[in-house]
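Architecture at a glance
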Amino acid sequence: MTQSENKNSSATNSKLSEVEKIKNSSRYLRGTLKESLDDELTGSLAEADTQLIKFHGAYQQQDRELDSERKRQKLEPLYSFMIRVRVPGGIITPQQWLKLDQIADTYASGTLKLTTRQAVQFHGIFKKKLKKTIQAINDTLLDTIAACGDVNRNVMCSVNPGQSLVFDEVQAFAKELNDYFTPQTSAYHEIWLNKKLVAGGEPVEDFEPIYGKTYLPRKFKTAIAVPPYNDTDVFTNDLGFIAIEEDGKLIGYNVTAGGGLGTTFGMPETYPRLADLVGFVTPERALKLAEAIVLFQKDNGNRENRKIARLKYTIDRLGFDFFIKDIYKRAGFEPEPSKPFAFESTGDRYGWERAADGLWYLGLFVEGGRLKDFENLKYRTVLKEIAQIHTGDFRVTANQNIIVAKVTDNKKIELDSILQKYGILEYIKKSGLRRNSVACVALNTCTLAFAEAERYLPSLIDKLEIILAENGLANEDITIRMTGCPNGCGRPWIAEIGFIGKAPGLYNLYLGGGFTGNRFNTLYREMLNEEQIIAELTPIIFSYAQNRNNAERFGDFVVRNGYVKPGPTVLPDYRKLNMNFQI
Ligand code: SRM
Ligand code: SF4
């Protein structure tokens, strides 16, 4: 046992959080999950297992709208589960897509939810169907382990290749990171895939070479961005990589650390934080530095208070200098100063685009990431028909959209006829505001939501679109994001217009985020209802149309005109070397 494993395994300290104790006694994530699944008297799991099942990729939820009625009838809440499918770099083959589409109907609530971390979620799965669903997902050669829990989650990677020639190489690195940090416990196979218990019957201790028995103190998120697109919002991740190209070749990555968004109302010790630039590494050294950062967090993160356990707090508590020295020591080398780079946007590109590899990419807007067949828009059907003939792949974006990727000239003709049949190309010509919108799931499934987000933002945008059109701004790209609570799942703090739900129908309004993902927005007004939101935004939109500088972004305009003070901005490499910095 290593020194740090020893330190973590002594989880008897009464100050340790409950979750630490659960992890420590779980025998590498087994707990009593099997017994909980077999218990037919309830639709829920034992308390401790509700924590452990997250590491296996599922969350116990309940239908919140039915809560009071079921209570009146003396019934337990209507429990069901959300399952998150891990999709490294967001890439899904057409065959996998067809199977996932089927799973949505066979086991779940008939929808697929594309998430803000390039994963796919199913909702409404009852306990008795959990095992079959996870098996069906694994049959597609995708999995759910480490999609949630205190581990490195689904690794994100830019999906808009544009004119970059290094795209495939960077995607391969995302997969390598994802696999390297996947937990090694055999509990997942044992519980869900009917693999025999290790050592022929008795569960013996597995070995987790990176994490040890108690895994990380908190979730850990990694993303890669390929400039000029910051479509993965790289600075909001615990660990980030910015691909650096020279003459069409990947020469390495600028590494970032310490980003994160989750906060809690009324707890000033929690805050969103943009990542710092740590330095430049060659591709050969990138994994080593990543491991050093993960191990730093494993050994130093707060295991008593989960509210302040993310890497961002560990760095701020111990100091950036301490962090830097520690990770250099672990990695065995000092990275070079960060290289110059420039981001253009955090959004996706829609419609057909021929990329540097000579193939076509089709960006499709999916409102709120929710894929289902609506009366006038048969989105699931369209993607199913495409998957049946598509020879490239699909890419889920970090903005909850989807790209049909690697399409040849001939295939494009076939796909175009499907798109025309269902009017999809017209649909993606939405207003600039809608095209750049993100909303978290919130109600009805999210147990932490104070207010609506995914189900409400589209109708708010309907109203804002009228005002934008009156001011000649219908096609202006403006980022707008809404979440139902301050956990930040839709990354609202980085939007030009951000909403965070405080209570049913009431939102805090934040303005002035950087269009390229380099600056947080600032609180403008609190507890607004819809009427007040419209009243506050109407004159600002009018003034933006009249007074903006040439091509000035909405977020920059509201800061320049003093509506809000500028929020925290990404800082240059800590060595503050003279760089051509343009984010
Ligand atoms: Fe999230 C918890 C949904 C991206 C910060 N998030 C949750 C849970 C699981 C609620 C819960 O714990 O019971 C939500 C499930 C809702 C549901 O019914 O599906 C949930 N988070 C989501 C998704 C599905 C939002 C979406 O609409 O796309 C995203 C899934 C990502 C994925 O595929 O892995 C999602 N969550 C994020 C992001 C954005 C990101 O990672 O880029 C953040 C902010 C970045 C960050 O982590 O700092 C985020 N989620 C949180 C937090 C706050 C963490 C913190 O540091 O305090 C929680 C609550 C927690 O962990 O205690 C949370
Ligand atoms: Fe739920 Fe809050 Fe995340 Fe929205 S931001 S999905 S309400 S935890």
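Structural data are supplied above this passage.
This report concerns the structure included in the present document. (Residues numbered from 1 in each chain as written. Chains lettered and ligands numbered in written order. Predicted model: local features only at pLDDT ≥ 70, side-chain atom pairs only at ≥ 80, totals over all residues. Heavy atoms only, no water.)

Regarding the site of ligand 2
With respect to spatial proximity, the complete set of residues near ligand 2 consists of C440, A442, C446, L448, A449, T483, G484, C485, N487, G488 and C489. Here the residues of the shell around ligand 2 are counted per class, giving 7 nonpolar, 4 polar and no charged. (Near = heavy atom within 4 Å. Nonpolar A, V, L, I, M, F, W, Y, C, P; charged D, E, K, R; others polar.)

Regarding the pairing of strand β12 (residues 360-364)
Where burial is concerned, most of β12 is hidden: 5 out of the 5 residues are buried. Of the two faces of β12, both are covered, the one formed by W360, L362 and L364 as well as the one formed by Y361 and G363. Bridge count for strand β11 (residues 351-354) against β12 is 4 bridges, and the pairing is antiparallel. Paired with E353 across the strands is Y361, a residue of β12. Counting the residues in the hairpin turn of β11 and β12 gives 5 residues, including G358, whose phi is positive at 85°. In the sheet, β12 pairs with strand β15 (residues 402-407) via 4 bridges, with the strands oriented antiparallel. Bridge pairing in β15 links L362 to V404. (Buried < 20%, exposed > 50% of the residue type's maximum accessible area, 1.4 Å probe, protein only. Helix = DSSP H or I, 4+ residues; strand = E, 2+ residues; numbered from the N terminus. Pairing = 2+ DSSP bridges.)

Concerning helix α4 (residues 47-55)
Helical periodicity: at 3.6 residues per turn, an α-helix aligns residues three or four positions apart in one direction. Turning to α4, its buried residues number three or more, namely D49, T50, L52, I53 and F55. Against α2 (18-24), α3 (33-38), β1 (58-62), β2 (79-85), α7 (127-139) and α9 (187-192) lie the buried residues of α4. G57 occupies a position one or two residues after α4 and carries a positive phi of about 100°. (Contact = heavy atoms within 4.5 Å.)

What to know about the site of ligand 1
Not every one of the 30 residues close to ligand 1 is listed here, only the nearest: T115, L261, T445, C489 and R491. At 2.7 Å from an oxygen atom of ligand 1 is found a side-chain nitrogen or oxygen belonging to R310. Breaking the shell around ligand 1 down by element, the ones donating at least two residues are β1, β2 and β5 (120-125). Taken together, the residues that form the shell around ligand 1 break down as 10 nonpolar, 12 polar and 8 charged. (Polar contact = N/O pair within 3.5 Å; in protein donor to acceptor, adjacent residues only side chain to side chain.)

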